[in-house]
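Remarks on the overall topology
So you can see what is in the structure, the chains are spelled out below.
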Amino acid sequence: MPAARLTPRERRRIARGVADGLPYAEIARSLDRPTSTVTREVRRNGGPTAYRAGPAHRAAQRRAHRRGKPANRGPEPSARACGRDAEAVRAYEEQLAAVLMRSGLPRMAARVLACLCTTDEGALTAPELVRRLQVGAASVSKAIAFLEDRGLVRRERHEGRREHGERRSRERYLIDDDALYRSTVAAARATAHLGLTARQGVRVLGPGTPAAARLETVARFVDFVSESVARTAEHARAVLHTGPATPSDGTT
C-alpha cells in the first residue's frame, strides 16, 4: 500500500516510533504495513530527525492532488551490483545519520558522512551526493567543509566520464581508514589547546587564588585526557594497520 494512503493515525504512530528510536521494521509490524512503506514515508518527510505526522499527511495529500510521481532515486548501482536491498540500505543510512547527529554532528554533515560510509568506494562527487541526498549543492558544500575541518573526509581528483573525446578531471570526497584517527587526533589537539588557555588564566588571575586553582585543575585534567586520547589513537592505528603475524612454520 503506497505511503500516500497512510491514515493520520498511522502517521502519528510512525512519528512516535521514530521519536522512540524504534527500527522501521518494528514500526511497520505494529501497523501491519511493509517496512518499505515506513521507510519511504519517513525519508520523504524530513528523515528520522525531522519527521512530523501533520506535515507528512498534508504533503501526501498535495502529492495525491497533483497526481504526480514522488521523487525516486532508484536503487544505487552498488546496491544492484551486490544484490543489496536498496530500501534497507537507505533506511540504515538514515539510522546511522541519526546516531552521528546525537554524537554532535550537524544534520547535513551527518547525512553526508553516512552516505559516504555506505558506499563501497567510500567516495562520491558533489553531484552524486546532491542526487543521493536530494538536497542543494550549497548544503553539500557546507557539510563537506565542516567534515574536512574535522579530518573526517578529504578531497581527491579523479578522472570523470569522457566528454567530447576527453576525460574530465573531477573532485570527489572520500572517507578512508584513517578518517577516525585524523578526527580523534584533531579533537585531542583542540582539547589540549583548552589546557593551554586555562594555564594562561592562572597567570592572569594570580597563582594561589581560588579562580586560578580551579583553572589549574581544568588544565591538568585536559592535559591528561588529550595526551591519553592521542596516545591511544596512535596505538589503535598501529594495531589495526598491522596484519596478523605469520608463524615461522608458515601456518596462519
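Calculation notes
Residues numbered from 1 in each chain as written. Predicted model: local features only at pLDDT ≥ 70, side-chain atom pairs only at ≥ 80, totals over all residues. Heavy atoms only, no water. Helix = DSSP H or I, 4+ residues; strand = E, 2+ residues; numbered from the N terminus. Contact = heavy atoms within 4.5 Å. Areas by Shrake-Rupley, 256 points an atom, 1.4 Å probe, with all protein chains shown as cover. Salt bridge = Lys/Arg side-chain N within 4 Å of Asp/Glu carboxyl O. Buried < 20%, exposed > 50% of the residue type's maximum accessible area, 1.4 Å probe, protein only. Phe/Tyr/Trp six-rings, centres within 6.5 Å; stacked < 30°, edge-to-face > 60°. Lys NZ or Arg CZ within 6 Å of the ring centre and 35° of its normal. Axes fitted to C-alpha atoms, helices over the stretch in contact; angles between N-to-C directions. Parallel < 35°, antiparallel > 145°, perpendicular 65-115°, else oblique. Nonpolar A, V, L, I, M, F, W, Y, C, P; charged D, E, K, R; others polar. Core = buried A, V, L, I, M, F, W, Y, C linked by side-chain atoms within 4.5 Å. Expected span 1.5 Å × (residues − 1). pLDDT = per-residue confidence, 0-100.

1. Observations concerning the overall build of the protein
- Per the secondary structure count, the protein includes 11 helices and three strands.
- Secondary structure elements of the protein, listed N to C terminal, follow the sequence α-α-α-α-α-α-α-β-α-α-β-β-α-α.
- For the protein, the share of sequence-separated contacts (at least 6 apart) that also reach a separation of at least 24 residues comes to 53%.
- Summed over all atoms, the accessible surface of the protein reaches about 15,800 Å², with 54% contributed by carbon and sulfur.

2. Observations regarding the pattern of salt bridges
- Scanning all chains against the criterion turns up 15 salt bridges.
- Ionic pairing is found between Arg155 and Glu148, a salt bridge with its closest N-O pair at 2.7 Å.
- For Arg155, a relative accessible area of 36% puts it in the partly exposed group.
- Judged by its relative accessible area of 27%, Glu148 is partly exposed.
- Taking the shortest distance from any N to any O, the salt bridge between Arg150 and Asp149 comes out at 3.3 Å.
- Relative accessible area serves as the criterion here: at 32%, Arg150 is assigned to the partly exposed category.
- Within the structure, one salt-bridge network assembled from shared partners comprises Arg43, Glu87 and Arg90.

3. Re helix H7 (residues 107-117)
- Of all 11 residues in H7, eight are buried; the element is thus mostly enclosed.
- Of the residues making up H7, those classed as buried are Met108, Ala109, Ala110, Val112, Leu113, Ala114, Cys115 and Leu116.

4. Describing the packing of aromatic side chains
- In total, this model carries zero aromatic pairs according to the counting rule given.
- Over the ring of Phe146 we find Arg150; its NZ or CZ atom is 3.6 Å from the centre of that ring.
- For Arg237, the ring lying beneath its charged end belongs to Tyr181, and the centroid distance is 4.3 Å.

5. A closer look at the environment of Leu147
- Within the secondary structure, Leu147 sits in helix H9 (residues 137-149).
- A relative accessible area of 0% places Leu147 in the buried class.
- In this structure, the C-alpha to C-alpha distance between Leu147 and Pro106, residues 41 residues apart in sequence, is 9.8 Å.

6. Things to note about the packing of H7 against helix H8 (residues 126-133)
- Where H7 meets H8, the axes come as close as 11 Å, and the angle between the chain directions of the two elements is 105°. Judged by the inter-axis angle, H7 sits roughly perpendicular to H8. Touching Met108, Arg111, Val112 and Cys115 of H7 are Leu129, Arg132 and Leu133, all from H8.
- Here the contact of H7 with H8 is built from residues that sort into five nonpolar, no polar and two charged.

7. Description of the nonpolar core
- Membership of the largest hydrophobic core comes to 25 residues, with the highest contact counts inside it found for Val112, Leu113, Leu129 and Leu147.
- Of all elements in the fold, only helix H6 (86-102), H7, H8 and H9 reach the threshold of two or more residues within this core.
- Tallying contributions element by element places H7 first for this core, with eight residues.
- Apart from the residues lying within four places of it in its own chain, the contact partners of Val112 are Leu129, Leu133, Ala143, Ile144 and Leu147.
- Residues Ala15, Ile27, Ala28 and Val42 belong to the second largest nonpolar core, which totals 14 residues.

8. With respect to helix H10 (residues 179-205)
- Here H10 is 27 residues long and its end C-alpha atoms lie 39 Å apart, about the 39 Å a rise of 1.5 Å per residue gives.
- Residues Ala179, Tyr181, Ser183, Val185, Ala188, Gly195, Ala198, Gly201 and Val202 constitute the buried set of H10.
- Buried residues along H10 sit in contact with helix H11 (210-240).

9. Digging into the confidence of the model for the protein
- Across the protein, pLDDT averages 82, with 81% of residues at or above 70.
- Least confident of the elements in the protein is helix H5 (residues 77-82), whose mean pLDDT is 53; most confident is H7, at 92.

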